[in-house]
Amino acid sequence: MTQPLPIDVILPDVARALGESPAAVLIAAPGAGKTTRVPLALVDQPWLSGRSIVMLEPRRLAARMAAERMAATLGQRTGETVGYRVRLDAKVSRATRIEVVTEGILTRRLQRDAELNGVGVVIFDEFHERSLDADLGLALILDVQRALRPDLKILVMSATIDARQLSAFLGGAPVIESPHRPFPVSTIYLPPRPQARIEDSVAAAVRQALDDETGSVLAFLPGEREIRRVEERLRDAVPDDVDVCPLFGAMPWQAQTRAVEPAPPGRRKAVLATTIAETSLTIEGVRIVVDCGFKRVSRFDVGRGMSELATVRVSKAAAEQRRGRAGRLSPGVCYRLWPEAEDRALAAFDPPEIAADDLAPLMLDLAAWGVADPAALSWLTPPPPAAVEQARDLLRRLGALDDASRITAEGKAMADLPLHPRLAHLVHRGLEMGHGPLARDLAAVLSDRDIAAASRDPDLRLRLEMLAGHGAAAGKVPGGVHRVRDAAAQIGRLAGISGHATSREAVGLLTALAYPDRIAQQRGAPGKFRLSGGGSAMLDPADPLAGAPFLAIAQSDGAARDARVFLAAPVTQAELEDAFAADLSERDEVVWDDRQGAVAARRVRRLGALVLSEKPLARPDPDLVLAAMLDGVRALGLGALPWTDGAHELRARVAFARQHDPGQPWPDFADAALVASLPDWLGPFLAGITRRGQLAQIDVREALMAQLTWSMRQRLDDIAPERLIVPSGSAVRVDYAADGGPAVAVKLQEVFGLTSTPTVGGGRVPVTLHLLSPAQRPVAVTRDLASFWANVYPQVRGEMRGRYPRHIWPEDPLAAAPTRRSLKPRGT
């Protein structure tokens, strides 16, 4: 007899809602039973009319286990009424009415059968995970429902998602919510010690949980590396009745099954899992959860066109999903390895993959669907425009799209393979070039985890040796090789490739076809490389690949500068020139060379940012030489020009005129304006100059003066004269750059008899007078000469007479004759 589950009470409501509406939303807590009960409750509904159900699961393990449990409920074997279809494995038959698939499988099926003939309901399970394939699948199913199949039903199921938003997106779909709540789970916060490693904190928490509680433990860790380290720490540190079981996506089916099946009688389990165990799976006997609070996700950098794995904090929704695993079958306990106060800082939900992932696969699928612009479909979260454009650029480079973003014949061939577009292109082009078996094997290696990561050897050829099971890698084959071989076999079946690779010489070329933006050229020292798509990469100088003139890089750490290379293979220039002939450019380049400090004129052959060959130009275009020299001045800065006192004075005079004579179109001689207008004022004076050292020939003052018309020069002499005539007859220079405005420095004796302060700016701006002693040192600074004579001069006279007794210090300076000579006449 079937064991009752909490979801059972609302199954009639779900069936009725779908019978009356094109779509529905089901919200049910973890452990309610929605994954295994809902499809069985719908399969015989009259409105389904004998058609089948397709249910999407975010992970292969969840899909397979859901199908097996439903089949067991019916007393059947998997592949009869209930079947599954995942990457590298399928159990279905003509009798299958409920097919559980991973999310990418739906897209492949839609591309072959847009109407989904024979399917009556598509169920999106655990939709809160918001994978890229799930969002794409929902957008395509909505398109099918509205344009081709109004009878097709959609059911979206989740435990933690904004039901109101989802209902509105689905056109006001009814929301059915299960009243069931999981068993209570008490939460214990165990903040880690400062600087403690995740694996140390998790291992300690698992040991404590096993000591303090009954039942099995499910511990969440970011990835396989941390799982293996915790497994090592627990191996001899747990009670004798506890089995330590790793659980992550790259494990073989059999090992995953052992991890999730019930513990033998009298024993307990400590399951160490990634996010693979967050949803869908019920692991019998688990009533304790240990949550490290982190997970590993892929983050795509649009600017670099690279994805990298990042360890990030979980969201509140994900933390609750994990916590709920402890209360599925009985009251439980959750150990959270962070302070309780940090709960408030967690994001409410994880960002959907469509907002942060590589969109090249999505854009290829859309093009195969006949959609060039994603805006033509309905999206719960629209794809970001920058990521869309980056994906289009890559697909055009791979030959999958034409200039109008329509799919090409190459693109259609790529879309038929369940691979990233880069790898699909590798397989298709490799087959065309006669390297089919090698391309098949290389694509399988690159589509999976690195099977030789422990070796830290970046050479891709080592992985292919391991796959073949001979050569230098013989006897060192890890378990992951079998999984990669299965993937290679599947790729070969789909692409029509058979036989064995007889040579690995073309590995670099095939890798370059998949990653045309990551072709690397050595730049100087071994281990330093320039990338065809921009940026740079590096290898340990002692690595055998470090001396290769060219590499094709499949994997790096994604850094914009000096990215560390993880997987690569050598490729020759001849191979690149042959395979990328259409992408090569040859043109005359006249540019400023910073290292030489001179204009370089050469004919250059390029592949992206890489220079394949160059030779000097004998007679470069003078206009191009001038433009390059101007670039050089911009790079060097205005300080590289030979500025004289006269040039500085002219800039200051014109700046003063701009401020005090705004009615005239005075030019702007400020640094930013001069840099912006270099071609106008400096260009005519750069004729024949091609090197930094020749800049000394330029008369900068004359270049600036050339920007003033004759009338402006006349006006400048009126508004901002270079010099002022003082009573002694001397022409004294005016400093227009002085703090506080225009100033002159003049010996005090030269202004005897001057009653008012001199002015500039058309008589509107008084000049600051720096009155000097016979030793040319200031004795007073004033802008009010009359006040100085009346109030300050008597004191100055008293001080100066004692210090300079041989000089003239009249009692009445206004009546005294001004003089350039400040000494008294002899005999006085």
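Refer to the preceding data block for the structure.
Owing to the predicted nature of the structure, the values given are computational and were not obtained by experimental measurement. (Residues numbered from 1 in each chain as written. Predicted model: local features only at pLDDT ≥ 70, side-chain atom pairs only at ≥ 80, totals over all residues. Heavy atoms only, no water.)

A. Here's a closer look at the sheet that holds strand β17 (residues 519-522). The strand order around the closed barrel formed by five strands is β17-β18-β19-β21-β20, and the pairing between neighbours is mixed. Shown here is a sheet whose adjacent strand axes are inclined to one another by a mean of 50 degrees, direction ignored. Bridge analysis of β17 against strand β20 (residues 550-556) gives three bridges, and the strand direction is antiparallel. Bridging from a neighbouring strand, Gln521 pairs with Phe550 of β20. Those strands touched by helix α16 (residues 460-468) are β20 and β21 (563-570), and its axis lies near 60 degrees from that of β21. (Pairing = 2+ DSSP bridges. Helix = DSSP H or I, 4+ residues; strand = E, 2+ residues; numbered from the N terminus. Axes fitted to C-alpha atoms, helices over the stretch in contact; angles between N-to-C directions. Contact = heavy atoms within 4.5 Å.)

B. Highlighting the packing of aromatic side chains. The tally for this structure, following the rule as stated, stands at six aromatic pairs. A centroid spacing of 5.5 Å and a plane angle of 75 degrees characterise the contact between Trp789 and Tyr793, whose relative ring orientation is edge-to-face. Here the residue Trp789 and the residue Tyr793 both occupy positions in helix α26 (residues 785-803), the gap between them amounting to four residues, near one helical turn. Note on accessibility: Trp789 and Tyr793 belong to one class, buried. An aromatic cluster is built from Phe752, Phe788, Trp789 and Tyr793, whose rings are joined through pairwise contacts. (Phe/Tyr/Trp six-rings, centres within 6.5 Å; stacked < 30°, edge-to-face > 60°. Buried < 20%, exposed > 50% of the residue type's maximum accessible area, 1.4 Å probe, protein only.)

C. Examining helix α17 (residues 480-495) more closely. The end-to-end C-alpha separation of α17 is 23 Å, in line with the 22 Å expected for 16 residues at 1.5 Å each. Residues Gly480, Val481, Arg483, Val484, Ala487, Ala488, Gln490, Ile491, Gly492 and Ala495 constitute the buried set of α17. Buried residues along α17 sit against α14 (421-432), α15 (436-446) and α16. Once α17 finishes, Gly496 follows within two positions and takes phi at roughly 70 degrees, a positive value. (Expected span 1.5 Å × (residues − 1).)

D. A look at the state of the cysteines. Evaluation of the coordinates by the stated rule reveals zero disulfides. The closest cysteine sulfur to the non-disulfide-bonded Cys292 is located on Cys334, 11 Å from its own sulfur. (Disulfide = S-S within 2.5 Å.)

E. α16, seen in detail. Within α16, seven of the nine residues are buried, leaving the element largely enclosed by the surrounding structure. Of all the residues in α16, the buried ones are Leu460, Leu462, Arg463, Leu464, Glu465, Met466 and Leu467. The inward-facing, buried residues of α16 abut α15, α17, α18 (507-514), β20 and β21. In the segment just after α16, Gly469 is the residue with positive phi, at about 75 degrees.

F. Looking closely at unusual backbone geometry. The backbone phi angle of Ser49 is positive, close to 55 degrees, even though this residue is not glycine. Locating Ser49 in the fold gives a position in the loop between α2 (34-42) and β2 (52-57). The exposure class of Ser49 is exposed, given its relative accessible area of 56%. Positive phi values are uncommon outside glycine, yet Asp562 reaches one of about 50 degrees. Note on placement: Asp562 falls in the loop between β20 and β21. We classify Asp562 as partly exposed; its relative accessible area is 28%.

G. Geometry of empty space enclosed by the protein. This structure, assessed with the given rule, holds two cavities of 30 Å³ or more. A volume near 30 Å³ is recorded for the second largest cavity. Around the second largest cavity, the lining residues are Phe127, Asp135, Leu138, Ala139, Phe169, Ser378, Trp379 and Leu380. Counted by class, the lining of the second largest cavity contains six nonpolar, one polar and one charged residues. (1 Å grid on protein atoms, 1.4 Å probe; cavity = no way out; pocket = protein on both sides within 12 Å on 5 of 7 lines; lining within 4 Å. Points joined across faces, edges and corners; volume = space filled by probe spheres on them. Nonpolar A, V, L, I, M, F, W, Y, C, P; charged D, E, K, R; others polar.)

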